[in-house]
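# Tertiary structure, described
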There are 4 protein chains.
Amino acid sequence: MKDKIIEYFMRDRFAVLAGIKILEVEPGHAMVEMDIAPKHLNAAGIVQGGAIFTMADFAFAVAANAGGQVTLSVSANITFLKSVTGKKLIAEAQEVSPGKKITDYNVEVFDESHELIARINIVGYRKRSKLELS
Amino acid sequence: MKDKIIEYFMRDRFAVLAGIKILEVEPGHAMVEMDIAPKHLNAAGIVQGGAIFTMADFAFAVAANAGGQVTLSVSANITFLKSVTGKKLIAEAQEVSPGKKITDYNVEVFDESHELIARINIVGYRKRSKLELS
Amino acid sequence: MKDKIIEYFMRDRFAVLAGIKILEVEPGHAMVEMDIAPKHLNAAGIVQGGAIFTMADFAFAVAANAGGQVTLSVSANITFLKSVTGKKLIAEAQEVSPGKKITDYNVEVFDESHELIARINIVGYRKRSKLELS
Amino acid sequence: MKDKIIEYFMRDRFAVLAGIKILEVEPGHAMVEMDIAPKHLNAAGIVQGGAIFTMADFAFAVAANAGGQVTLSVSANITFLKSVTGKKLIAEAQEVSPGKKITDYNVEVFDESHELIARINIVGYRKRSKLELS
């Protein structure tokens, strides 16, 4: 099942474009990483906020859908704590409050020195449909 | 000045990677567009939330820095209103409350039929430094 | 129906404690007001953020439930734009994106000079149950 | 110093109106409690979202100002996880990322059974002025 979930999410082309890889996945929890490359930098030479958000939202999507039920992001709040100038980022998503319809996730993004870079709170909505795993 | 601002922001490699272009820019306001391509899609075949956020954050950055003072995103809240299956997205950033240190922007993302796709509220922090325009 | 909705929401004791009154209500829209009194002030002598949030959340609740279907706040984002030192606040809630299950509201809080004091984005969840109007 | 901080914040009349008491305070951390009474209930008979937000914002204010430098809420994001029907709420505010100008706090609200009721992320702005302790 875990392999099928990873295979399914590796069809996310925007995550692949950004170079994001899944490290861990289980229902309610996921960890993804991104090696920082020039393509992630903004005009000021630091990692673009959109790249950080993309990692966080992807980690949420992997964790929230890992149980097989389709779950969409409804609303997300990101706080940027530190400019990134390192080599790698890791995003960890953890379900805080499981609900039948509404679910709440905490996502934290760290750099390779385990410094907290950003915090993201994502509210998801569970649909009735199942994930179309191959 | 406007050309220099556009030239500066076209050095944002993550925005360029995502295919985002600046349509309009003046201090406190910007409009950017993104032609939807397969690279923007997630595993479910709809535009990835990260691509939508990246547009919005970029539109904010362009508008908030257009006056020449460096302004960073501190916190952003995005609400996803509609799945995107169309051909183009436009993000428009507008300053709501100008402050010397803290600024608040409203960003709206529309599709080509002018349907509202996402709303983003971004709080920025103005640094003392000036933008390094070439 | 409008009278019954107002009567129902005037049973909200925390809103009554705060001195909030309903000015307008229809499905998807509401306006409430609060005359500023010493009881609303924080230790610094300005209107407490909680009083402003309470108005905004109440305006949302009135608007979102006015159609008769129970709707709960799931997540809310408030940006405080200006300290309040005036005499009256008005909060106006407007539905942005009606959905069967998830609904998104924009709420704006103004003072008596029509200056924008705070912006609030609230995501609500519609339950199946109906409001118990007397 | 701690007594002076508590004395100062007990001048917050809206917090006093809501019946909120300070349990713990030190720079970067605070805990407050509220015994649930009929005055906190909304029309549906559960604790009003505004009362929960007021506690959380107050806990933030106490913690963020406890070092003596005036700090204001700029933006706050609250996620409501559970309806409250118990007897007491406790809000705990913890600084996540100390900055000279911008600070980020995590606030969690629990009921008397230690169940998580709401999560709040608050971004504050530190002014240059000092708190006017008597």
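These notes cover the structure that comes with them. Please read all numbers here as calculations on a predicted model, not as lab measurements. (Residues numbered from 1 in each chain as written. Chains lettered and ligands numbered in written order. Predicted model: local features only at pLDDT ≥ 70, side-chain atom pairs only at ≥ 80, totals over all residues. Heavy atoms only, no water.)

Residues and elements named next belong to chain C. Every buried residue belonging to helix 1 (residues 2-9) is among Ile5, Tyr8 and Phe9, and all of these are buried. All buried residues of helix 1 fall inside an arc of 90 degrees around its axis, so they share one side. If you follow the buried residues of helix 1, they end up packed against strand 1 (20-26) and helix 3 (49-65). (Buried < 20%, exposed > 50% of the residue type's maximum accessible area, 1.4 Å probe, protein only. Helix = DSSP H or I, 4+ residues; strand = E, 2+ residues; numbered from the N terminus. Arc of directions from axis to C-beta. Contact = heavy atoms within 4.5 Å.)

Attention shifts here to the pattern of salt bridges. As a working rule, side chains carrying opposite charge can pair if their charged atoms are close by. Using the criterion set out here, one finds 20 salt bridges over all chains in the structure. Across the pair Lys82 of chain A and Glu115 of chain A runs a salt bridge whose closest N-O atoms are separated by 3.8 Å. Placement of the pair is Lys82 of chain A in the loop between strand 3 (69-80) and strand 4 (88-97) and Glu115 of chain A in the loop between strand 5 (102-111) and strand 6 (116-130), with a sequence separation of 33 residues. Relative accessible area serves as the criterion here: at 34%, Lys82 of chain A is assigned to the partly exposed category. The partner of Arg119 of chain C in a salt bridge is Asp104 of chain B, with the nearest N and O atoms 3.0 Å apart. Of this pair, Arg119 of chain C sits in strand 6 (residues 116-130) while Asp104 of chain B sits in strand 5 (residues 102-111), on two different chains. Comparing Arg119 of chain C with Asp104 of chain B shows no difference in burial state: the two are buried. (Salt bridge = Lys/Arg side-chain N within 4 Å of Asp/Glu carboxyl O.)

Before going further, it helps to examine the pairing of strand 5 of chain B. Two faces belong to every sheet, and in a regular strand the side chains alternate between them. Residue and element names in this part refer to chain B. Within strand 5, eight of the 10 residues are buried, which leaves it mostly tucked inside the rest of the structure. With eight bridges joining them, strand 4 (residues 88-97) and strand 5 adopt antiparallel strand pairing. Paired with Leu89 across the two strands is Asp111, which belongs to strand 5. The hairpin turn running from strand 4 into strand 5, its antiparallel successor, is four residues long. Strand direction decides the pairing type here: strand 5 and strand 6 (residues 116-130), joined by nine bridges, are antiparallel. Among the inter-strand pairings, Ile102 is bridged to a residue of strand 6, identified as Tyr125. (Pairing = 2+ DSSP bridges.)

Further remarks concern the relation of the copies chain A and chain B. Superposition of chain A onto chain B requires a rotation of 180 degrees combined with a translation of 0.0 Å along the rotation axis, giving an RMSD of 0.0 Å. Taken together, the rotation and translation relating the two chain copies correspond to the operation of a two-fold axis. Considering only C-alpha atoms, the residue of chain A closest to the rotation axis is Asn77 of chain A, which sits at 2.1 Å. Mapped onto chain B, 100% of the interface residues of chain A again fall at the interface, so both copies present the same surface. (Least-squares fit on C-alpha atoms with pLDDT ≥ 70 in both.)

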